[in-house]
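# Fold and geometry: a report
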Amino acid sequence: MEYLMQGFGVSISFGGVQAVKDVDFEVRDGEIFGIIGPNGAGKTTLLNGISGLVPLSGGEIHFRGKRISGVKKPHQITRLGIGRTFQVTRPFEGLTVRENVAVGAVFGRPRGGRKADVHEVVEAAMRFVGNADKRDALVPDLPVAQRKRVELARALAIEPKLLLLDEVMAGLNQKEIEVVMDMVRRIRERGTTVILIEHIMKVVMGLCDRIMVLNYGERLCCDEPDVVCRNDDVICAYLGQRFTQKRRNGGATSGA
Ligand SMILES: Nc1ncnc2c1ncn2[C@@H]1O[C@H](COP(=O)(O)OP(=O)(O)OP(=O)(O)O)[C@@H](O)[C@H]1O
Ligand SMILES: [Mg+2]
């Protein structure tokens, strides 16, 4: 089987800190692939490695069977069809919502896209995330939920084959989370593969086909949601050794 993306022994270091350690992963075409793990586990760093923002200190990342790590720059990786959002939103602050989304459509598509349809692509992306009515607002003036939607629209405007979402639902209320979960489902239905980093378990379990768990930069396991949430190493990473022992001894497991 050919995977859409594969990581082979991916390592990423910052000085003495090895944030990602020898991680293998494979993402299938059309799936929603979750990455979870405690704070500081290396999730965002791995995403940064995929999008070329930080160099790998070891290993390789391949997209559609070709190596991208170490050979493609971030803008070239974007133009291959890999879009992303940032955990801390990164709008172009002096630009309006529409202009921010246009940056994706103009610069992020292969060969800059066809100029004539930029308007249509931008409008479609804003309509999809439901912020077309905010088109002329400056992004810093918007509340967090709206800023996240601008990130998402900008990433969609590159017309990605693979979309990397870094905690797009953090800071949203219950209703807003449901809306964004539905968007992610529709994005996948349109044929875009999604890699999703998320702390909210309901989101991860409800959306992902498979989940990879990172802990201290290492891959703990990678499997379907119901298998992952029963894995002792995962429970231990989240809840501590004592809880796992209690579980093995037949103690209470509710809430795991
Ligand atoms: N630019 C950097 N320079 C130095 N250390 C860094 C840098 N970026 C991340 N790290 C370190 O790498 C480790 C992994 O961080 P990362 O942000 O990838 O974790 P994360 O899993 O995304 O966590 P969170 O759930 O809190 O977002 C942490 O120890 C962090 O302090
Ligand atoms: Mg992070």
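As shown above, the structure is provided for reference.
First things first, this report covers the structure right here in the doc.

Reading the values: the criteria
Residues numbered from 1 in each chain as written. Chains lettered and ligands numbered in written order. Predicted model: local features only at pLDDT ≥ 70, side-chain atom pairs only at ≥ 80, totals over all residues. Heavy atoms only, no water. Salt bridge = Lys/Arg side-chain N within 4 Å of Asp/Glu carboxyl O. Helix = DSSP H or I, 4+ residues; strand = E, 2+ residues; numbered from the N terminus. Buried < 20%, exposed > 50% of the residue type's maximum accessible area, 1.4 Å probe, protein only. Near = heavy atom within 4 Å. Polar contact = N/O pair within 3.5 Å; in protein donor to acceptor, adjacent residues only side chain to side chain. Areas by Shrake-Rupley, 256 points an atom, 1.4 Å probe, with all protein chains shown as cover. Phe/Tyr/Trp six-rings, centres within 6.5 Å; stacked < 30°, edge-to-face > 60°. Lys NZ or Arg CZ within 6 Å of the ring centre and 35° of its normal. Contact = heavy atoms within 4.5 Å. Pairing = 2+ DSSP bridges. Core = buried A, V, L, I, M, F, W, Y, C linked by side-chain atoms within 4.5 Å. Domains from an automatic or database assignment. Donors = N, O, S within 2.8 Å, 3.2 Å for Na, K, Ca; no water.

Here we come to the pattern of salt bridges. Taken as a whole and assessed by the stated rule, the structure comprises 13 salt bridges. Residues D226 and R230 are paired through a salt bridge, measuring 3.8 Å at the closest nitrogen-oxygen approach. Through salt bridges with shared partners, a single ionic network connects R109, D117 and E159.

On to unusual backbone geometry. One non-glycine residue, D22, lies in the positive phi region at around 50 degrees. Positive phi, normally seen in glycine, also occurs at E167, with a value near 50 degrees. By the secondary structure assignment, E167 is in the loop between β7 (162-166) and α6 (174-189). The exposure class assigned to E167 is buried, which follows from its relative accessible area of 8%.

Let us look at the environment of R154. Within the fold, R154 resides in helix α5 (residues 144-156). With 16 residues separating them along the chain, R154 and A170 place their C-alpha atoms 18 Å apart.

Taken together, F14, A19, N39, G40, A41, G42, K43, T44, T45, Q87, E167 and H199 make up all the residues around ligand 1. Measuring from an oxygen atom of ligand 1, one finds a backbone N or O atom of G42 at 3.0 Å. The contact in question runs from an oxygen atom of ligand 1 to an N or O atom on the side chain of T45, over 2.5 Å. For ligand 1, whose unbound accessible area comes to 640 Å², protein coverage reaches 61%. The element best represented in the shell around ligand 1 is helix α1 (residues 43-50), accounting for three residues.

What follows deals with helix α9 (residues 232-239). A side-chain oxygen of the first residue of α9 lies 2.8 Å from the backbone nitrogen of D233; this N-cap is N231. Phi turns positive, to about 95 degrees, at G240, one or two residues after α9.

The next thing to look at is the packing of aromatic side chains. Any aromatic ring pair is given by two values, namely how distant the centres are and how the planes are angled relative to each other. In this structure the tally under the stated criterion is zero aromatic pairs. A cation sits over an aromatic face here: R84 above F86, 4.1 Å from the ring centre. Against the face of F128 rests R190, its NZ or CZ located 4.5 Å from the ring centre.

Let's shift gears to the environment of E151. Within the element layout of this structure, E151 appears in helix α5. Looking at E151, the relative accessible area reads 4%, which means it is buried. Residues E151 and R84, spaced 67 residues apart in sequence, show a C-alpha to C-alpha distance of 8.2 Å. When neighbours within four sequence positions are excluded, E151 is seen to be in contact with T85, F86, T89, R90 and P91. In this structure the side chain of E151 is engaged in a polar contact, spanning 2.9 Å, whose partner is the backbone nitrogen of F86. Here R90 takes part through its backbone nitrogen, which lies 2.9 Å from a polar atom of the side chain of E151.

This part takes up the pairing of strand β4 (residues 58-63). Two faces, one strand: in a regular strand the side chains alternate between the faces of the sheet. Pairing of strand β1 (residues 5-14) with β4, which is carried by five bridges, proceeds in the antiparallel orientation. If you follow Q6 over to β4, its bridge partner there is H62. Pairing of β4 with strand β5 (residues 66-67), which is carried by two bridges, proceeds in the antiparallel orientation. Looking across to β5, one finds that H62 is bridged to R67. Hairpin connection of β4 to β5: two residues between the antiparallel strands, including R64 at a positive phi of 50 degrees.

Let us look at the nonpolar core. Grouped together as the largest cluster of nonpolar side chains are 45 residues, with contacts concentrated most on L152, L156, L165, M169, V184 and L207. The element best represented in this core is helix α4 (residues 118-129), accounting for seven residues. Split by domain, this core shows at least three residues from each of two domains, domain 1 (1-81 + 162-256) and domain 2 (88-159). Apart from the residues within four sequence positions on either side, L152 is in contact with T85, V129, L163, L165, M183 and I187. In this structure, V20, L47, F63 and I82 belong to the second largest nonpolar core, which totals 27 residues.

The subject of this paragraph is the coordination of the magnesium ion (ligand 2). Taken together, the protein donors to the magnesium ion (ligand 2) comprise T44 (OG1) and Q87 (OE1), at separations of 2.0 to 2.2 Å. Within this pair, whereas T44 is found in helix α1, its partner Q87 is found in the loop between β6 (82-84) and α3 (97-107), the two being separated by 43 residues in sequence. Judged by relative accessible area, which is 34%, Q87 ranks as partly exposed.

Function-wise, these values are silent; they only describe arrangement.
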